[in-house]
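# Inside the fold
The chain contents come next:
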Amino acid sequence: MQASSDIERRLIEADIAPTPQRRVIAQAIQDNANHPDAETVYHLARQIDPHLGIATVYRTLKLFAERGLVDRHDFGDGRTRYEVAPDIHHDHLICVRCGNVVEFSNTSIESLQEQVADRHGFELLDHRLELYGVCAQCHGTQPKIVSGKGVQPASSPSQQTEARNLSQLAPGEEGRVIRVGAAGKLGQRLMSMGLVVGETVRVEQVAPLGDPIGVRVKNYRLALRRQEAEAIVLEVATAQPPEVGA
Amino acid sequence: MRIAFAGNPNAGKSALVNALAGTRLHVGNWPGVTVEKKEAVLRVNGQEVRLVDLPGTYSLSTYSIEERVTRDFLLHDRPDVVVAVVDATNLERNLYLTLQLLELGIPTVIALNVWDEAREKGIGVDVQRLADLLEVEVVPTVATTGEGVDALIPAARRVHERQPRTVAEYNSACRLATERGTHLVHYGPLIDPEVRLLGEALHREVPEVISRVPCRWLAVKCLEGDEGARELLDGQAPAALWTQIEVQRHRIRTLGGNETAALVTDGRYGFIKGLVQDVVTRSRPERRDLTERIDRLILNRVLGIPIFLGLIWLVFHITFDGSTPFIDWVDGVVSGPLQRWAKLGLAALGAPVWMSALLSEGVVGGVGFVLTFVPVLCFLYLFLGLLEGSGYMARAAFIMDRFLHGIGLHGKSFIPMILGFGCNVPAVYATRALDTYRDRVLTSLLIPLMSCSARLPVYALFVAAFFQKSQGTIIFGLYMLGIMLAVGAGFVFKHTLFVGESPSFVMELPPYRLPTVRSLLLYTWDKVRAFVKKAGTYILATSILVWFLLNLPWGVEQRHDSYFGIVASAAAPVFAPMGFDSWEAAGALLTGIIAKEVVVSTMGEIYAADLDAGQGQPPTVGDELRGIGVGFVTACKDSVVSVLSGLHLISATPDAAPPSALTQRIRQAFTPLTALAFMVFVLTYIPCVVTMAALGQELGWRWAGFSIVYLLTLGWLFSFMTYQGGRLLGFA
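Residues numbered from 1 in each chain as written. Chains lettered and ligands numbered in written order. Predicted model: local features only at pLDDT ≥ 70, side-chain atom pairs only at ≥ 80, totals over all residues.

From N to C terminus, chain B includes 31 helices and 10 strands. Taken over the C-alpha trace, chain B has a radius of gyration of 30 Å; the compact-globule value for 732 residues is 27 Å, and the two agree within 12%. With the C-alpha coordinates of chain B rotated into their principal frame, the extents come out at 90 × 60 × 60 Å. For chain B, with 732 residues in total, the buried portion stands at 45%. Partitioning the contacts of chain B with sequence separation of at least 6, the portion at a separation of at least 24 is 72%. (Helix = DSSP H or I, 4+ residues; strand = E, 2+ residues; numbered from the N terminus. Rg over C-alpha atoms; globule rule 2.2 N^0.38 Å. Buried ≥ 20, exposed ≤ 12 C-beta atoms within 10 Å, placed from the backbone. Contact = placed C-beta atoms within 7 Å.)

Here it is as structure tokens:
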């Protein structure tokens, strides 16, 4: 973690009053190297200050972007991602499978760009370069999430996670929804009952005959069949053994 | 002023409406709809206030009957105010529906219900802030105690005066909000511009639809690909508009990587998350509550099923043993004093004999017959109300779903099926708890195969006459046969009539709550009254019809010569392959259509012609009134005794077996094998007329007709197989 005085300095430089909430949010973006989206920023920031509201996060991010403190990126997965504006220019490699973002800078690309601009009589002010592909980790190995949306690890990036569907969880285990893989009626029903991306779901009960299962989501209890639960892909922590529950 | 109440199931919506309206609430007569909307009219400060209690839903899409009923009402019968009933202990999920209600642009009041429980759990809601953020009135309420309930109507008045009321007003407010970007919920940089674009197109292309339906809501729904929205535009929208919708949907899908519906849902829940963050405070961390502890026991892998079966047995036992004395009392009062008084009164008025007979036997007898259902229904609905209100019903569905899923049913079908063993009629009505029409039809088709308690006297008569040594086994076998036929029929229907995916199970397990006595009584009163009103008419009509058949041509002496006898004789040959082709047997089965226990009494009438018609001194009216009162007290006592004795808490003297002339005559008319075939037929053939009426009302007459045909066929086949199979095996 970087010294908070550094963040304070940058806030002041950007002409933003360094309120505690703004400091927390800036800290959250800075600590996460993986270009978090607003919701992830919100989750991260809440670990520092649990009283933050998402509206505050959105407002603050907007302000940061306007003042140039952070850069906004759209990597085509439908969410705006944020990054503390770097002092040195760099470009991005984006993995379309896991959503991982790698920063790089390459002097020959930079000079090539300037050559192209020159040839067309362009005065180059700024540029963005985003390269899409499959990262080393995803490449060659069986993709864990088939056609999943790009999602960063939930809480601490150091924690090991794996993708499993809800039906595979034992009572007491929990995970964060990363995909609802059911279209139409069932998908709509599952989502309207609160099984939306980003939500934490915990399996609490299995019916005496083995099916359906009872889960806790959005602080209430929901029952669904295993067949239906299969549509819900979760990100489950593997580093820690699951807490023993019911 | 018309106020509609909408909310999630289990949010305490009905309790809230009950608290406001009490017994004034009644099931409205809404044509073409089987899910109930209830209505009550109040007078508040001299002004008429009409309350409409809409079915509980989680969302306003059009995937279930409840959703459709609620949505159609809000859209097409646009009330003046909506009260969104919200469970304060679970704001996050409950507000999802509220947001959708707000998008309809009807002035809204949020009732933060279950406020007491929230307080106990240390959940604080900043009421003022919630009201400010959503631009509505918020009233904390406790429906069970009535706390805060009185503030609802004044709040409804305030929003009604303040907010835009008509669709046109709301639409222009919406346009302004779009220009300024001040909409409550934003769906993000991808969807918002698309909504705006489509909104403009809707204004241009289908102004007529937009004058009735909120524009922004319709635009969002169209982009979601909602069926109901398509129906609204059907025949109105030019082809170009349809193309535009599809292009926009495609664009969102491509750029957003997901269906619009999913992105919109995400947007709503995202907004709610922030909102809840802002207004809800928890003074202490969550801990395992009572509900969780109870569920550990009740849904336990080992104990879950025994507990469930035990509870069902208990409900059954108390319902049927407890109500029998009351049924006997009602029956005694009606067929005794009431009919006599009717005759005397009519004679005094100088009515002709036939009219006197029709009114006293046909009409009073028919009414009496309707009333005999009342005791059992009171008991049954009291328990159902308890199971439903406490939250156990959802657990029963959870436990039994696996078993029922195999025959294409839903866990919730179990309760109606089980009820069928008591009486098929409330069982059919109970299918209303099921989510889809398909489930309701399939369950209702199988319910008549659950051997109801009215069939028991028939079995009892025959096993007493023929199978004294193995009475229990034979009766148990008949019940099992019914269940197996239901499983078989369910399996066949699933693969023929109801091909396709069975509906999803996804269901809330609500927290356990103790229903109030008041709510239980209201529930029971409501259901029993509905039964008497709906089924009563049919029963009465049928019993009058049968009276005519039995007594025409006028002055007929022998049953055999009446129209009834003629019909029975004509029907008799149908039963020849089953070994009982006498007109008496056919006649008994015919009257059994009214109610299966009537089979026994008809047999008594036909076979034992020498019934003692002895009448002593006609008792005085005073004596009879006293007799009715004493009879009721005795019935109360007997009810308690029979319930307790069944539980083996006290011992009751067993009834002496009636050595009757009827048994003798039956032994002459049937052989053990034909008796068995007869019982199988009684088990399976057409449901009684009341069940038919219930089926007709709930499913439509086509399905009721189908049910009659398939049950008759099934009954005939299995009865035939019993008789012929028995003969092949060498039983005479």
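Following the structure, the description resumes.
With that settled, the discussion passes to the overall build of chain A. Across its full length, chain A carries seven helices and 11 strands. Out of the 246 residues in chain A, the part that is buried amounts to 37%.

As a further point, take the domain arrangement of chain A. Here the domain parsing of chain A yields domain 1 (4–84) and domain 2 (161–237). For domain 1 of chain A and domain 2 of chain A, the distance between their C-alpha centroids amounts to 30 Å. (Domains from an automatic or database assignment.)

Here we take up the nonpolar core. Nonpolar side chains in soluble globular proteins tend to end up buried together. Ranked by size, the top nonpolar core spans 218 residues in total, and within it Val 83, Val 109, Ala 111 and Met 679 of chain B carry the most contacts. Among residues more than four places away in sequence, those in contact with Val 83 of chain B are Ile 3, Phe 5, Val 109, Ala 111, Leu 152 and Ala 156 of chain B. Counting 18 residues, the second-largest nonpolar core is a separate cluster that includes Ile 25, Val 41, Ala 45 and Val 70 of chain A. (Core = buried A, V, L, I, M, F, W, Y, C linked by C-beta atoms within 7 Å.)

Residue and element names in this part refer to chain A. One open sheet holds the three strands; their spatial order is 4-3-5, and the pairing between them is mixed. Both edges of this open sheet fall to strand 4 (101–104) and strand 5 (130–133), since each of them pairs with a single strand only. If you compare each strand with its neighbour and ignore which way they point, the axes differ by 20° on average. In this sheet, strand 4 lies alongside strand 3 (residues 91–95) in antiparallel orientation, the contact comprising four bridges. Across the sheet, the residue bridging to Asp 91 is Phe 104, located in strand 4. (Pairing = 2+ DSSP bridges. Axes fitted to C-alpha atoms, helices over the stretch in contact; angles between N-to-C directions.)

Another aspect to go through is the pairing of strand 5 (residues 81–87) of chain B. Residues and elements named next belong to chain B. The buried fraction of strand 5 is high, at seven of seven residues. Residues of strand 5 alternate between two faces, with Val 81, Val 83, Val 85 and Asp 87 on one and Val 82, Ala 84 and Val 86 on the opposite face, all of them buried. Taken together, the six bridges between strand 5 and strand 6 (residues 108–113) define a ladder with parallel strand orientation. Bridge assignment links Val 85 to a residue of strand 6, and that residue is Ala 111. Following the backbone out of strand 5, through helix 3 (residues 91–102) and into the adjacent parallel strand 6, one traces a crossover that is right-handed. (Right-handed = clockwise from strand over helix to strand, strands pointing away.)

A few words on the interface of chain B and chain A. Taken together, the contact between chain B and chain A spans 40 residues of the former and 39 residues of the latter. Of all the secondary structure elements, the ones that give two or more residues to the side of chain B that touches chain A are helix 3, helix 12 (239–256), helix 13 (260–279), helix 14 (290–298), helix 15 (304–348), helix 17 (392–405) and strand 10 (507–508) of chain B. It is helix 13 of chain B that contributes the most residues to the side of chain B that touches chain A, 10 residues altogether. Along the lines of polarity and charge, the residues of the side of chain B that touches chain A split into 17 nonpolar, 11 polar and 12 charged. Where strand 10 (residues 220–224) of chain A meets strand 10 of chain B, two bridges bridge the pair, whose relative direction is antiparallel. Within strand 10 of chain B, the position partnered with Ala 223 of chain A by the bridge is Met 507 of chain B. (Nonpolar A, V, L, I, M, F, W, Y, C, P; charged D, E, K, R; others polar.)

Bringing the environment of Pro 140 of chain B into the picture now. Residue and element names in this part refer to chain B. Along the polypeptide, Pro 140 turns up in strand 8 (residues 137–140). Between the alpha carbons of Pro 140 and Tyr 58 there is a distance of 20 Å; along the sequence they are 82 residues apart. In contact with Pro 140, not counting residues within four places along its chain, are Leu 112, Trp 115, Val 127 and Gly 148.

Right, let's get into the sheet that holds strand 11 (residues 232–237) of chain A. In spatial order, the strands read 6(A)-11(A)-7(A)-8(A)-9(A)-10(A)-10(B); together these seven strands make up an open sheet with antiparallel pairing. Each end of this open sheet is capped by a strand with a single partner; those strands are strand 6 (161–165) of chain A together with strand 10 of chain B. As judged from the five bridges shared by strand 6 of chain A and strand 11 of chain A, these two strands associate in the antiparallel manner. Its bridge partner lying in strand 11 of chain A, Arg 164 of chain A is registered against Leu 234 of chain A.

On to the confidence of the model for chain A. All names here are of chain A. Residues at a pLDDT of 70 or more form 83% of chain A, whose mean pLDDT is 78. Note on residues 141–158: pLDDT is under 50 here. Beyond four places in sequence and across chains, it has 32 contacts. Counted against residues more than four places away or in other chains, residues 241–246, with its pLDDT under 50, gives 13 contacts. (pLDDT = per-residue confidence, 0-100.)

Turning next to the packing of helix 20 (residues 437–446) of chain B against helix 30 (residues 689–699) of chain B. Geometry of a packed helix pair, given as the angle between the helix axes and the separation of the axes. Residues and elements named next belong to chain B. At a minimum axis distance of 11 Å, the contact between helix 20 and helix 30 shows a crossing angle of 170°. Classed by the angle they form, the pair helix 20 and helix 30 counts as roughly antiparallel. Counted together, Arg 440, Val 441 and Ser 444 of helix 20 and Leu 695, Glu 698 and Leu 699 of helix 30 form the full contact between these two elements. Along the lines of polarity and charge, the residues of the contact of helix 20 with helix 30 split into three nonpolar, one polar and two charged. (Parallel < 35°, antiparallel > 145°, perpendicular 65-115°, else oblique.)

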